[in-house]
Amino acid sequence: MSKKTSRRRRDSVTKETIQRKEQFKYQLLLQGAAVGVLVGIVVGMFRFALQKAEEIRNLYIAAAAHSVLLTVCGILILLFCTAVVVFCLKREPLCSGSGIPQVKGELRGHINANWLQVILAKFLGGVAAIGGGLSLGREGPSIQLGAMVGKGFSRLTNRLRTEEKLLMSCGAGAGLAAAFSAPLAGVVFVLEEMHKNFSKEVLLSTMAAAVCADCIVSSIFGLSPVFHFEEILQIPLSRYWMVALLGILLGAFGVFYNRTISFMQDFYGKLKPIWMKAAVPLVMVVALAFLWPEMLGSGHHLVGEAASGLFSLKVLAAILVVKFLFSGFSFGTGAPGGIFLPLLVLGSISGGLFTEVLSPLLGFEESYISNFVILGMAGYFSAIVRAPITGIILISEMTGSLNNLLGLSLVSLMAYLTAELMKGQPVYDQLLNRMLEGGISKKPKRSNKVLIESEVYLGSQVAGRSLAEISLPAGCLVVSILRDEKEFVPNGSTVLESGDKLILLCDEAFAAELEDKLDQMCKSVSI
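Just so it is clear, the structure is predicted and the values come from calculations on it, not from any experiment.

Undergrad: What's the story with the overall build of the chain in this structure? I'm lost.
TA: Assigned secondary structure in the chain consists of 18 helices and 4 strands. Relative to the globule expectation of 24 Å for 527 residues, the C-alpha radius of gyration of the chain, 24 Å, shows essentially globular dimensions. Dimensions of the chain along its principal axes, counting C-alpha atoms only, are 80 × 55 × 45 Å. Residues counted as buried form 57% of the 527 residues belonging to the chain. Sequence separation of 24 or more characterises 82% of the internal contacts of the chain that already satisfy a separation of 6 or more. Here the chain has roughly 22,400 Å² of accessible surface; of this, 65% comes from carbon and sulfur atoms. The distance from the centre of the 47 positive side-chain charges to the centre of the 40 negative ones in the chain is 10 Å.

Undergrad: Explanation requested: the environment of A252 in the structure shown.
TA: Secondary-structure assignment places A252 in helix α9 (residues 240-269). Its relative accessible area of 30% is what places A252 among the partly exposed residues. A sequence separation of 104 residues divides A252 from M148, and the C-alpha atoms of the two residues are 34 Å apart. Setting aside residues no more than four positions away along its own chain, A252 makes contact with T418 and M422.

Undergrad: Would you take a moment to explain unusual backbone geometry for this structure?
TA: For residues that are not glycine, phi is negative in most cases, and the peptide bond is trans in most cases. The residue R386 is not glycine, and still its phi comes out positive at about 65 degrees. Mapping R386 onto the fold places it in the loop between α14 (369-385) and α15 (388-399). Residue R386 is classed as buried on the basis of its relative accessible area of 7%. The phi torsion at K423 lies on the positive side, around 60 degrees, for a residue other than glycine. Relative to the helices and strands, K423 resides in the loop between α16 (405-421) and α17 (427-437).

Undergrad: Honestly, the state of the cysteines in this entry has me stumped. Any pointers?
TA: A disulfide bridge is the covalent bond that connects two cysteines by way of their sulfur atoms. Inspection of the entire model under this criterion finds 0 disulfides. You can see C170 has no disulfide; the closest cysteine sulfur is in C212, sitting 10 Å from it. Looking at C170, the relative accessible area reads 0%, which means it is buried. A disulfide-free cysteine, C212 has its sulfur positioned 6.3 Å from the sulfur of C215, the nearest such atom.

Undergrad: Just checking my understanding: could you explain helix α5 (residues 139-156) for this structure?
TA: Since the α-helix packs 3.6 residues into each turn, any two residues three or four apart lie on the same face. Over its 18 residues, α5 extends 25 Å from the first C-alpha to the last, a length consistent with the 26 Å expected when each residue adds 1.5 Å. The element α5 is extensively covered by neighbouring structure, given that 16 of its 18 residues are classed as buried. N158 lies just past α5 and shows a positive phi near 60 degrees.

Undergrad: What's the story with the environment of G376 in this structure? I'm lost.
TA: Along the chain, G376 turns up in helix α14. Residue G376 is classed as buried on the basis of its relative accessible area, which comes to 0%. Remark: the alpha-carbon pair of G376 and L408, spanning 32 residues in sequence, is separated by 8.8 Å. When near neighbours in sequence (up to four residues on either side) are disregarded, G376 contacts L246, L250, G347, S348 and G351.

Undergrad: Please clarify how the packing of α14 against α16 should be interpreted in this entry.
TA: The axes of two packed helices give the description: the angle between them and the distance between them. The contact between α14 and α16 brings their axes to 8 Å, and the two run at 35 degrees. Handedness of the crossing formed by α14 with α16: right-handed. Contact with α14, carried on its side by I374, L375, A378, G379, S382 and A383, involves G407, L408, V411, S412, A415, Y416 and A419 of α16 and no other residues of that element. Class assignment of the residues belonging to the contact of α14 with α16 gives a composition of 9 nonpolar, 4 polar and no charged.

Rules used throughout
Residues numbered from 1 in each chain as written. Predicted model: local features only at pLDDT ≥ 70, side-chain atom pairs only at ≥ 80, totals over all residues. Heavy atoms only, no water. Helix = DSSP H or I, 4+ residues; strand = E, 2+ residues; numbered from the N terminus. Rg over C-alpha atoms; globule rule 2.2 N^0.38 Å. Buried < 20%, exposed > 50% of the residue type's maximum accessible area, 1.4 Å probe, protein only. Contact = heavy atoms within 4.5 Å. Areas by Shrake-Rupley, 256 points an atom, 1.4 Å probe, with all protein chains shown as cover. Lys, Arg positive; Asp, Glu negative; His and termini not counted. Charge placed at Lys NZ, Arg CZ, Asp CG, Glu CD. Disulfide = S-S within 2.5 Å. Expected span 1.5 Å × (residues − 1). Axes fitted to C-alpha atoms, helices over the stretch in contact; angles between N-to-C directions. Left-handed = near helix turned anticlockwise from the far one by under 90°. Nonpolar A, V, L, I, M, F, W, Y, C, P; charged D, E, K, R; others polar.

Structure below.
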């Protein structure tokens, strides 16, 4: 092929990319809704399978307590579940763990997963791992399943790479919405955690996807919130210093949790034969099935029980220690499963324990224990994930109450600031970096052109400077700027202003490098 022909083909691809981006603005809502329906079906089936697996596990444990034969059969079933998990991990390594770091890596151009293979492996492996009793959650797998459904929709309908990322974002938000019946949290999670910026296109399309997915799962599981509380009172303003103190404690506890997760992964990394990695959680599941079966699985039922004041101080402390260790050992294996639900359970138990310790000392009514259980979930989430807005909205939707918005905001803020001051790394960034360093990533092979958007933040390096003064990676071109809802084509003398939205064109192979550069130049405030 001659250089002239090659240049014409690249120009054609570039023109098609820009034209379809313009047309896609108007198609995005409908396509996001279509992705949401598909995600609702897939995640709804996943939730249903997990629910039935948990019911069967509980019934079987109760029956096996009186039968040696059933006990032996139960161990064989656990061995089968372990074999399924190991097979899924060997067949598709990108199905491991939460799945959220993999989605973030794909959106940033570090990974190119086989969408169908990941869906099948994540679904089967997740049901086997969580249904088998590991302390893992359904939300991470649901987000990855949703993102892969969005990617599959894009590939089957022949979308461009730029469109594909938007549809994957729609699927990820719809996945969280379907997992917890929390559509607003799904939207905010995509903006705050996945993209770390605000985009009108992402907002509207993800909202359409999240609402449609939630409608599908609500028709299966009903409209009741995930966590049901009998009565939620208002905490007196005179006691808000306790809310701030709880946030500080949870911030430190969250940093410790993230470091524990890293330690557990290092521990399992030293166990070379894969059967040894599987043996550790298997032994723990068998032991807990005999000694304390309530600790198996995600433990979401513990939230309501803690809020009702059923547990004494000693029992709450024991639950916190056992659940913390079991969750760490479960997630460290790399088995398909998330940490959202386990960390929310740990946060709720921490809030309950905090109330039980201080109430007798301060003469504070224990009737407010449900408030601190709710606050504990939000604060712990904010410290670990470092997405406070998502945590506030998620907990509000999961509890079906807005009575604690001020308290949720304060505890999330204090937990976030404490974790930041302690230099703790957000858990999903930590997991993504480890995954990329471990060589699991699969770089995109296609050489398509992609459009990347970036907003210029107030006080950033590029604000007030011309395009000619900015050093961008080779092969990248600023094709347009959106300023005050008006779009224009810039030149080298165009001076960037805070609030500008840059639209850049580059080869897919350079997308990850460009996004990292834009984060540094456009979104980091320089002093």
